Amino acid sequence: MRMIYCGSLHIDYRTYKEGSDDFESFLKLKRNLDSIFAQKKIPLRKYPKDPTPKFCVTYYNFFLDYQSELFYEFFDIMKELSLDKQITYHFKCEFTDKEKNESPLFFMATYFDFYAEDIKHPSEYGTKYEKTFVCPKCGAVKFDQVSPLFWDTGQMKERLLLEIPANRHYGGYSFIITEHLADILQQKNCSGYSLEKVYHVENSAPPHQCYQLFVNHVLPPLSDKTPVLEGSDDCEECGKYGKTKFPLHYDRSSLDNLKDFNRAYEERTYSAFQPRILVSPKVKDLFDSLKIKPVYQPIIVVG
């Protein structure tokens, strides 16, 4: 397993010139950065062109092994140049073939489908949610769905599956599948879930017969060997919303009763609680055959 820090450094002459109106000194900074990336052999998506006074923003999209010697060396240099606060980032984990082939479960996420298009939350169609918890310290919100799911099923278009993330302003999480996928899951004797009908609202697109999928089987807590990537301590009030723990590690002794659909004991919180869904290799292979393409991440088994 390899943890990669995917960073994006941007320098902008419009900000830089507050300290100096000399464009040549800004250009000198850019070329110094070129030299740093080249000398340290830090991979870049591509080397940026020199800026001009008109096109004055430069981006470096780079990759580092997280917490490596080079990682710390690079950030010491960025701090010296007062550029460390101008870096945005995300993490990417590269697993070995052995880790992928032997994993008994895969964390599955498809939220990019939702965010990529203007898909409306079920609360906008009459689905009712109640806030069952609002953390007084960090503000994280937990919702319970208290009505059937009302939604414009035409938004599924050609999809067989859609995850709708929780939103602190609108309501909770939903996992929606088509009747076709529901029939296949039943034929394959998949376990760990139940279905409830989705009620179509609106006439903006041809409706689909859809179901809301509920993952009923809850896994034991993560292993205490699950690494903490970054972040402050978890919220003292609700125990959530702080540390980024990844990739998911489970003790071997806790994996005796796995289902095809599983829900992590720990919920994700991006200001609203929502489940982590983990599926068996059987489900992953089935989804692959149906050209359903979530992001999959194998778990790490400890002990």
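A few points on the structure. (Residues numbered from 1 in each chain as written. Predicted model: local features only at pLDDT ≥ 70, side-chain atom pairs only at ≥ 80, totals over all residues. Heavy atoms only, no water.)

## Observations concerning the sheet that holds strand 10 (residues 193-200)
By way of backbone hydrogen bonds, the strands of a sheet pair with one another, either parallel or antiparallel. Just so we agree on the cut-off: Here a strand pair is declared whenever DSSP counts at least two bridges between the two strands. Strands here mean DSSP runs of E at least two residues long; helices mean DSSP runs of H or I at least four residues long; both are numbered from the N terminus. For helices, the fitted axis covers only the stretch in contact; all axes are lines through C-alpha atoms, and the angles between them, taken along N-to-C directions, range from 0 to 180 degrees. Contacts were defined at the residue level, with two residues in contact if any of their heavy atoms lie within 4.5 Å.
The strand order 7-10-11-9-8 describes an open sheet built from five strands, whose pairing is mixed. The open sheet has two free edges, formed respectively by strand 7 (149-151) and strand 8 (161-164), since each of these has just one partner strand. Direction aside, the axes of adjacent strands within the sheet are offset by 35 degrees on average. Two elements, strand 7 and strand 10, share three bridges in a ladder whose sense is parallel. Across the sheet, the residue bridging to Leu149 is Val198, located in strand 10. Those strands touched by helix 6 (residues 179-187) are strand 8, strand 9 (174-178), strand 10 and strand 11 (210-215), and its axis lies near 90 degrees from that of strand 9.

## What about the environment of Leu213?
Counting through the fold element by element, Leu213 comes out in strand 11. For Leu213 and Met1, which are 212 residues apart along the polypeptide, the C-alpha to C-alpha distance reads 32 Å. What Leu213 contacts, discounting residues up to four positions off in sequence, is Phe175, Ile177, Leu185, Tyr193, Ser194, Leu195 and Phe261.

## A few points about unusual backbone geometry
Keep this limit in mind: For every residue, the accessible area obtained with a 1.4 Å probe (protein chains only) is divided by the maximum for its type, and the residue is called buried under 20%, exposed over 50%, and partly exposed between those limits.
With phi around 55 degrees, Lys41 is a residue other than glycine that occupies positive phi space. Inspection of the secondary structure puts Lys41 in the loop between helix 2 (23-39) and strand 2 (57-65). The class for Lys41 is exposed, based on a relative accessible area of 71%. Positive phi is not limited to glycine here, since Ser82 has a value of about 60 degrees. Tracing the backbone through its elements, the reader meets Ser82 in the loop between helix 3 (69-80) and strand 3 (87-94).

## As for the environment of Phe214
Along the chain, the position of Phe214 falls in strand 11. The exposure class of Phe214 is partly exposed, given its relative accessible area of 31%. On a C-alpha basis, the gap between Phe214 and Gly192 in space is 8.6 Å, while along the polypeptide they are 22 residues apart. Sequence-distant contacts of Phe214, defined by excluding residues within four places in its chain, comprise Gly192, Tyr193, Ser194 and Glu196.

## Quick look at the pattern of salt bridges
Oppositely charged side chains may form a pair once their charged atoms are brought near each other. The condition is simple: Should a side-chain nitrogen of Lys or Arg be within 4 Å of a carboxyl oxygen of Asp or Glu, the pair is scored as a salt bridge.
Under the definition given, this model contains twelve salt bridges. The salt bridge involving Asp50 is made with Lys30; its shortest N-O contact spans 3.0 Å. Of this pair, Asp50 sits in the loop between helix 2 and strand 2 while Lys30 is found in helix 2, placing the two residues 20 residues apart along the sequence. Looking at Asp50, the relative accessible area reads 35%, which means it is partly exposed. The buried category is assigned to Lys30, whose relative accessible area is 1%. Asp260 is the partner of Lys282 in a salt bridge, and the nearest nitrogen-oxygen pair spans 3.6 Å. Taken together, the positions of Lys282 in helix 7 (residues 281-289) and Asp260 in the loop between strand 14 (249-251) and strand 15 (261-263) put the pair 22 residues apart, joining distant regions of the chain. Salt bridges sharing common partners tie together Lys30, Arg31, Asp34 and Asp50.

## Here we look at the layout of surface pockets
Here is the rule: Detection works on a 1 Å grid of protein atoms alone, calling trapped sets that fit a 1.4 Å probe cavities and calling open sets with protein on both sides within 12 Å along at least five of seven lines pockets, with lining residues defined by an atom within 4 Å of a point. Grid points are joined across faces, edges and corners, and a volume is the space filled by probe spheres set on the points. Three classes are used: nonpolar for Ala, Val, Leu, Ile, Met, Phe, Trp, Tyr, Cys and Pro, charged for Asp, Glu, Lys and Arg, and polar for all others, with Gly counted as polar.
Taken as a whole, the second largest pocket encloses approximately 430 Å³ of empty space. If you list the elements that add at least two residues to the lining of the second largest pocket, you get strand 6 (141-145), strand 9, strand 11 and strand 17 (273-274). By residue class, the composition of the lining of the second largest pocket is ten nonpolar, five polar and four charged.

## Observations regarding the pairing of strand 2
Of the two faces of strand 2, only the one carrying Thr58, Tyr60, Phe62 and Leu64 is buried; Val57, Tyr59, Asn61, Phe63 and Asp65 on the other face are not. Looking at chain direction, strand 1 (residues 2-12) and strand 2 are connected through nine bridges and run antiparallel. Residue pairing across strands places Ile4 opposite Asp65, the latter belonging to strand 2.

## Considerations on the sheet that holds strand 1
The three strands lie next to each other as 2-1-3, forming an open sheet whose pairing is antiparallel. Edge strands, defined here as strands with exactly one partner in the open sheet, are strand 2 and strand 3. Each strand of the sheet is rotated relative to its neighbour by a mean of 20 degrees, with strand direction disregarded. Most of the contacts of helix 3 go to strand 2, to which it runs at about 150 degrees, and overall it touches strand 1, strand 2 and strand 3.

## Looking at helix 7
Basically, it comes down to this: Here, the arc refers to the directions that run from the helix axis to the C-beta atoms.
Taken together, the buried positions of helix 7 are occupied by Val283, Lys284, Leu286 and Phe287. Buried positions in helix 7, seen along its axis, are confined to an arc of 165 degrees and lie on one side of it.

## Observations regarding the packing of aromatic side chains
Our working rule: Between 30 and 60 degrees the pair is tilted, below 30 it is stacked and above 60 it is edge-to-face, where a pair is any two Phe, Tyr or Trp rings, Trp via its six-membered ring, whose centres lie within 6.5 Å. Lysine NZ or arginine CZ positioned within 6 Å of the ring centre and within 35 degrees of the ring normal marks a charge as sitting over the ring.
Taken as a whole, this structure holds 23 aromatic pairs when the rule is applied. On the numbers, 5.5 Å between centres and 85 degrees between planes, the contact of Tyr5 with Phe75 is edge-to-face. Of this pair, Tyr5 sits in strand 1 while Phe75 sits in helix 3, and the two are 70 residues apart along the sequence. A ring pair is formed by Phe37 and Phe74, whose centres lie 5.5 Å apart and whose planes are at 50 degrees; its orientation type is tilted. Here Phe37, found in helix 2, pairs with Phe74, found in helix 3; they are 37 residues apart in sequence, far enough to count as distant. A residue is classified by how much of its surface remains accessible, and Phe37, at 0% relative accessible area, is buried. In textbook terms, an aromatic cluster arises when at least three aromatic residues are bridged by ring pairs, as seen for Tyr5, Phe37, Tyr60, Phe62, Tyr66, Phe71, Tyr72, Phe74, Phe75, Tyr89 and Phe91. Of note, Lys284 hangs over the ring of Phe106, and the distance from its end group to the ring centre comes to 5.6 Å.

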